[in-house]
Amino acid sequence: MSTDFSFFPEAASTIAPRVDAVYLFILGITVFFTLLIAGLILSFGIHYRRGSKASRENPPTSIWLEITWSVIPLIIVIGMFFWGADVFVDMRTMPAGAMEIEIVGKQLMWKVQHPSGRAEINTLHVPTGQPVKLRMISEDVIHSYYIPAFRLKQDVLPGYYTDFWFEATKPGDYHLFCAEYCGTEHSLMRGTVTVMDPDEFARWSAQESRTLPVEAGKELFERFRCGSCHKGAGAGPGPALAGVYGSLVPLKGGGAVVANEQYLRDSILDPPKQVVAGFEPLMPSFKTLLSEAEVLQLIAYLKSLSVAE
Amino acid sequence: MSTPESVMKLSGTETHEPAVGRVAPHSAHAGDQPGRNYLNADYNLWSWLFTTDHKRVGILYLISITLFFFLGGAAAVLFRLELMTPRGDLVKAESYNKLFTMHGIIMVFFFLIPAVPAVLGNFLVPLMVGARDLAFPKLNLASWYIYIIGGVFTIVAVLTGGVDTGWTFYTPYSSTYGNTNVLAAAVGVFVVGFSSILTAVNIIATVHTMRAPGLSWFRLPLFIWAHYATSLVILLGTPVLAITVILVGVERAFRVGIFDPALGGDPILFQHLFWFYSHPAVYIMVLPAMGVVSEIISCFARRRVFGYKFIAFASLAIAVLGFLVWGHHMFVTGQSMYAGLVFSFLSMLVAIPSAIKVFNWTATLFKGSVLWNTAMLYALGFIGLFTMGGLTGLFLATIAVDVHVHDTYFIVAHFHYIMVGGSVMGYLGGIHYWWPKMTGRMYPEGWGRVAAILIFFGFNLTFFPQFVLGYLGMPRRVHDYVPEFQILNVMSSAGASILGIGYLLPLGYLIWSLRYGKPAGANPWDATGLEWQTDSPPPTHNFHEQPVVLTDAYLYEPWEPPAQGHLPQTPPQAHEPAVVGSEGQR
Ligand code: HEC
Ligand SMILES: [Cu+2]
Ligand SMILES: [Cu+2]
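The notes below deal with the structure included here.

## As for the overall build of chain B
Regarding its fold elements, chain B presents 16 helices and zero strands. Counting every position in chain B, which comprises 586 residues, the buried fraction comes to 63%. In chain B, of all internal contacts separated by at least 6 residues, the share reaching a separation of at least 24 is 84%.

## Here we look at the site of ligand 1
Residues and elements named next belong to chain A. For ligand 1, the set of nearby residues contains 28 residues, the closest of which are Cys 226, Cys 229, Gly 238, Phe 279 and Met 283. In terms of residue count, helix H5 (residues 261–269) provides more of the shell around ligand 1 than any other element does, three residues in total. Here the residues of the shell around ligand 1 are counted per class, giving 22 nonpolar, four polar and two charged.

## Quick look at the sheet that holds strand E1 (residues 99–106) of chain A
All names here are of chain A. Spatial strand order, E3-E2-E1-E5-E8: five strands in an open sheet with mixed pairing. Looking at which strands have only one partner, the edges of the open sheet turn out to be strand E3 (119–121) and strand E8 (162–167). Adjacent strand axes in the sheet meet at a mean angle of 25 degrees, parallel and antiparallel pairs treated alike. Where E1 meets strand E2 (residues 109–113), five bridges bridge the pair, whose relative direction is antiparallel. What sits directly across from Gly 105, in E2, is Trp 110.

## Notes on the interface of chain A and chain B
At the interface, 69 residues of chain A touch 76 residues of chain B. Listing elements by their share of the side of chain A that touches chain B, those giving two or more residues are helix H1 (16–47), helix H2 (63–92), strand E6 (143–147), strand E7 (152–156) and strand E9 (172–178) of chain A. Broken down by element, the residue count for the side of chain A that touches chain B peaks at 17 residues, all from H2 of chain A. Here the residues of the side of chain A that touches chain B are counted per class, giving 42 nonpolar, 15 polar and twelve charged.

## Overview of the pairing of E7 of chain A
Residues and elements named next belong to chain A. Counting buried positions along E7 gives five out of five residues, so the element sits mostly inside the fold. Bridge analysis of E6 against E7 gives five bridges, and the strand direction is antiparallel. For Ile 147, the partnering residue across the bridge sits in E7 and is Leu 152.

## Some points on the packing of helix H8 (residues 222–254) of chain B against helix H10 (residues 308–321) of chain B
All names here are of chain B. Where H8 contacts H10, the axes come no closer than 9 Å and their chain directions differ by 10 degrees. One finds that H8 runs roughly parallel with respect to H10. Along the contact surface, H8 presents Leu 222, Trp 225, Ala 226, Ala 229, Leu 232 and Val 233, while H10 presents Tyr 308, Ile 311, Ala 312, Ser 315, Leu 316 and Ala 319. By residue class, the composition of the contact of H8 with H10 is eleven nonpolar, one polar and no charged.

## Remarks on H5 of chain A
Three or more residues of H5 of chain A are buried, namely Glu 261, Arg 265, Ser 267 and Ile 268 of chain A. The arc enclosing the buried residues of H5 of chain A, seen along the axis, measures out at 160 degrees, which places them on a common side.

## Some remarks on the environment of Asp 270 of chain A
Residues and elements named next belong to chain A. Along the chain, Asp 270 falls in the loop between H5 and helix H6 (292–308). Separated by 196 residues in the primary sequence, Asp 270 and Leu 74 have C-alpha atoms spaced 48 Å apart. Here Asp 270 is in contact with Ser 285 and Lys 287, once residues within four sequence places are set aside.

## As for the nonpolar core
Of all hydrophobic cores here, the largest spans 256 residues; its most connected members are Val 293, Ile 296, Ala 379 and Ile 383 of chain B. Here the element with the most residues in this core is helix H4 (residues 93–129) of chain B; it accounts for 24 residues. The residue makeup of this core includes at least three contributed by each of domain 1 (16–50 + 58–92) and domain 2 (99–206) of chain A. Beyond its immediate sequence surroundings of up to four residues, Ile 383 of chain B is in contact with Ile 37 and Ile 41 of chain A together with Val 293, Val 358, Trp 361 and Thr 362 of chain B. Core analysis: the second largest hydrophobic core is formed by twelve residues, Val 214, Leu 241, Tyr 245 and Ala 259 of chain A among them.

## A short note on unusual backbone geometry
Residues and elements named next belong to chain B. Omega for the peptide link from Thr 171 to Pro 172 comes to -5 degrees, which places this bond in the cis form. As for its position among the elements, Pro 172 is in the loop between helix H5 (137–159) and helix H6 (173–177). Cis geometry is adopted by the peptide bond preceding Pro 537, which originates at Ser 536 and carries an omega value of -15 degrees. Within the element layout of this structure, Pro 537 appears in the segment after helix H16 (486–516). Phi at Arg 477 takes a positive value of approximately 60 degrees, unusual for a residue other than glycine. Structurally, Arg 477 can be placed in the loop between helix H15 (445–472) and H16.

## Comments concerning the sheet that holds E6 of chain A
To summarise the sheet geometry, strands pair through backbone hydrogen bonds and adopt either a parallel or an antiparallel arrangement. Residues and elements named next belong to chain A. One open sheet holds the five strands; their spatial order is E4-E10-E9-E6-E7, and the pairing between them is mixed. At either margin of the open sheet sits one strand with a lone partner, and together these are strand E4 (123–127) and E7. When strand polarity is set aside, the average angle formed by the axes of neighbouring strands in this sheet is 20 degrees. Helix H3 (residues 198–206) contacts E4 and strand E10 (191–196) of the sheet and is inclined by roughly 130 degrees relative to E4.

## Notes on helix H12 (residues 374–397) of chain B
Residues spaced three or four apart along an α-helix face the same direction, because each turn holds 3.6 residues. An ideal rise of 1.5 Å per residue puts 34 Å on 24 residues; H12 of chain B measures up with 34 Å between its terminal C-alpha atoms. Taken across its 24 residues, H12 of chain B has 24 buried, putting it largely inside the fold.

## Considerations on the packing of H12 of chain B against helix H14 (residues 409–439) of chain B
Residue and element names in this part refer to chain B. As a packed pair, H12 and H14 sit with axes 8 Å apart at the nearest point and diverge in direction by 160 degrees. Taken together, the axes of H12 and H14 lie roughly antiparallel to each other. Once H12 is placed against H14, the crossing between them reads as left-handed. Across the contact of H12 with H14, the residue classes break down as 14 nonpolar, eleven polar and no charged.

## Quick word on the environment of Tyr 181 of chain A
Along the chain, Tyr 181 of chain A turns up in the loop between E9 and E10. In sequence terms Tyr 181 of chain A and Phe 224 of chain A are 43 residues apart; their C-alpha atoms lie 36 Å from each other. Filtering out sequence-adjacent residues up to four positions away, Tyr 181 of chain A remains in contact with His 186 of chain A together with Gly 166 and Arg 477 of chain B.

## Let's talk about the environment of Tyr 509 of chain B
Along the polypeptide, Tyr 509 of chain B turns up in helix H16. Every residue in contact with Tyr 509 of chain B, bar those within four places of it in the chain, is listed here: Tyr 443, Pro 444 and Trp 447 of chain B.

The rules behind the values
- Residues numbered from 1 in each chain as written.
- Chains lettered and ligands numbered in written order.
- Predicted model: local features only at pLDDT ≥ 70, side-chain atom pairs only at ≥ 80, totals over all residues.
- Helix = DSSP H or I, 4+ residues; strand = E, 2+ residues; numbered from the N terminus.
- Buried ≥ 20, exposed ≤ 12 C-beta atoms within 10 Å, placed from the backbone.
- Contact = placed C-beta atoms within 7 Å.
- Near = placed C-beta within 6 Å.
- Nonpolar A, V, L, I, M, F, W, Y, C, P; charged D, E, K, R; others polar.
- Pairing = 2+ DSSP bridges.
- Axes fitted to C-alpha atoms, helices over the stretch in contact; angles between N-to-C directions.
- Parallel < 35°, antiparallel > 145°, perpendicular 65-115°, else oblique.
- Arc of directions from axis to C-beta.
- Core = buried A, V, L, I, M, F, W, Y, C linked by C-beta atoms within 7 Å.
- Domains from an automatic or database assignment.
- Expected span 1.5 Å × (residues − 1).
- Left-handed = near helix turned anticlockwise from the far one by under 90°.

In structure tokens form, the structure reads like this:
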């Protein structure tokens, strides 16, 4: 049996101690009430056991008791709610300037694409002291990206991007698990998250030959001749793509959407889902031609167009 | 407080127009001869298979759910053995996944959901309300056949290769990716749902229309309130489950895009539908057990249940709130942050009616005259374990903590505390409490206590370490795990073996008692409920004369248990239903 056993998981992200604090608070409440109830049951049960001499005169029947034991728990759980909500809102509020890493889940595999161009599988390298945002999508079924030492987990869905962020605090190797049952070898869909000092991380990022996602995206854009339809304002059957990321796109049939990553992905893989106002639904679906990882590269390229032009 | 009024209006029927002096108006029935009861009224197999007697249907259910319980338990034994070591070595990954799926499907749909309502509810609801049978006896028999058909499909699914989706059938794995026998299992779950619907319809109709003269709503035993609330949940929830599994089947068989984004569906839609049923299903499993506990505690503390109305309304509150919290299973699916916060808040509120019940039960012991017998041990065990299960639910309702422990062993531990620590303890307590009524025999009290204590400690040893494992981060449904989780897993498996023995004991001594147990007599516990006013086992038509209810439930004298005789809700000599409906009947 392994000897490095402990009762409490390591805490290696900024949010982890805050989650632990809420946890310990609720644990305290739980222990208190469990002991209270168990103590009362035992002491009443023994003191008033059948045949004991204890006086049974004037048993209480007060409405105040009912009110007390409804209101006190109510106050406690509302307190719990607010504390938990406060931490959760911070978990879900993406900080500005986070490093964005993309992850594609697939039965038994986590494929990771760093903005530096480095890619890895079933491991994740991140620096300390830097907010990191993970954008994730699955190629098949639902998975869940779970790093216990960060106290964070996020389901990874087919067809929809999900994301979460963290800031690692302590260098070391931590477990990475898939938390959502995803098939026969689900339990082996695990790996390691390596937290490094920033310089070390920079060195790590620079090792190995690599292509930036933007470049890979540009290459795909040319290979699939997207430019033949998307030429620029007014030219060609498709809308101009420069600056589309983040803009408000009016849709055929009314309404408008903000062109975020999800919108761009759907435009490429499922064009009829949302057709741009003033255009014909001529764009073919690239669903069978592009992998999720490639779509992410194309999106990186489209986003770069927004900045450049 | 409009609920009691509206409920009571619905109840207006002639049945409980209390004709003055109506004590024995109806003629004697066949099978009412002395020595005749529902068990020996007829002996051949057909008389059982075509019975419409609610008591016999209850026994049919008892036998079938016991079989399923041990089948589901056998699966648990195998995977607990596998989990003794971190490597997946005892069984292959495929088999492991099929084992936990089978365990979940069988235990949830074929044991926990029907356990209390279909066995004890079937047997006792008519007796407790003073009726001859349920409102629709044939539907009741049909419900058992439907249960069996559902069970057959599930067993076929297992025998023809098994299912590996988990009892939660998450899409798109279940609908398009998994290549095991999902369809057969889905049909099984679909079919068995109708058996609980029929039971629920029957209970609701019976409680509304067939109460004995004088048995107004607030004189009903809390067992009946709990079953009434449960039946409402079953009626409203189960159809949603049925629709959901049909949709999974349709997507799987015809590749219509419903849940799989690759076909144009939405994977999260499934989870909304599934949990819309399956969260309330938790209450389907635990509310009836709470009803059992109220009966036992009151009887063996010899005190009227403390806060009767609070417990009754808490059941209804749990039933209603239970439908509003399904999103707490989906905090990490990417549902909107605000939806998550709302579900978190509502989930917190469910704690209140549960807390009210626990405090009221505990207060019932105060100044009581507590007898520590087998049924009471189960009931008190229920309170302790349910308290822990409920309190650990708060960790999960607290959204920031749930992000960490969701889909880990913490969840597994939590819901086993509710479903095994709660529902199964309640069920076993009920089986012991009413065993003398059902069979006319007493079980060996000493063995009963030994088993109850073994189960309590075995249970805690099995599931407590899983809370720790969960916070350490061990995901559920894993066949192979990292070595540092081993110690706690070994503890858990050791506990499971104690628990297993604990469950086998009652199987043994209860069967033994059928032949060798002391004859019980009508009312061995000196209990007040109507079911104790008739023979044990009861005659086919339940009562020799129509009982008339004159008082509230649970009027136990706390300090002087009578040396003999009973404290009936119906005094045997009373011919004048003087205080009928004092609580505002009509
Ligand atoms: C056959 C011509 C054609 C080709 C090839 C084509 N598109 Fe399109 N695309 C269109 C048309 C027409 C629209 C507008 C109608 C719609 O929204 O479907 C469009 C819309 C889009 C949009 C939404 C733009 C907005 O303003 O909201 C994006 C993003 C996009 N295409 C990306 C691509 C990419 C990336 C490729 C190459 C992989 C590609 N397209 C190839 C014709 C094409
Ligand atoms: Cu997985
Ligand atoms: Cu729930």
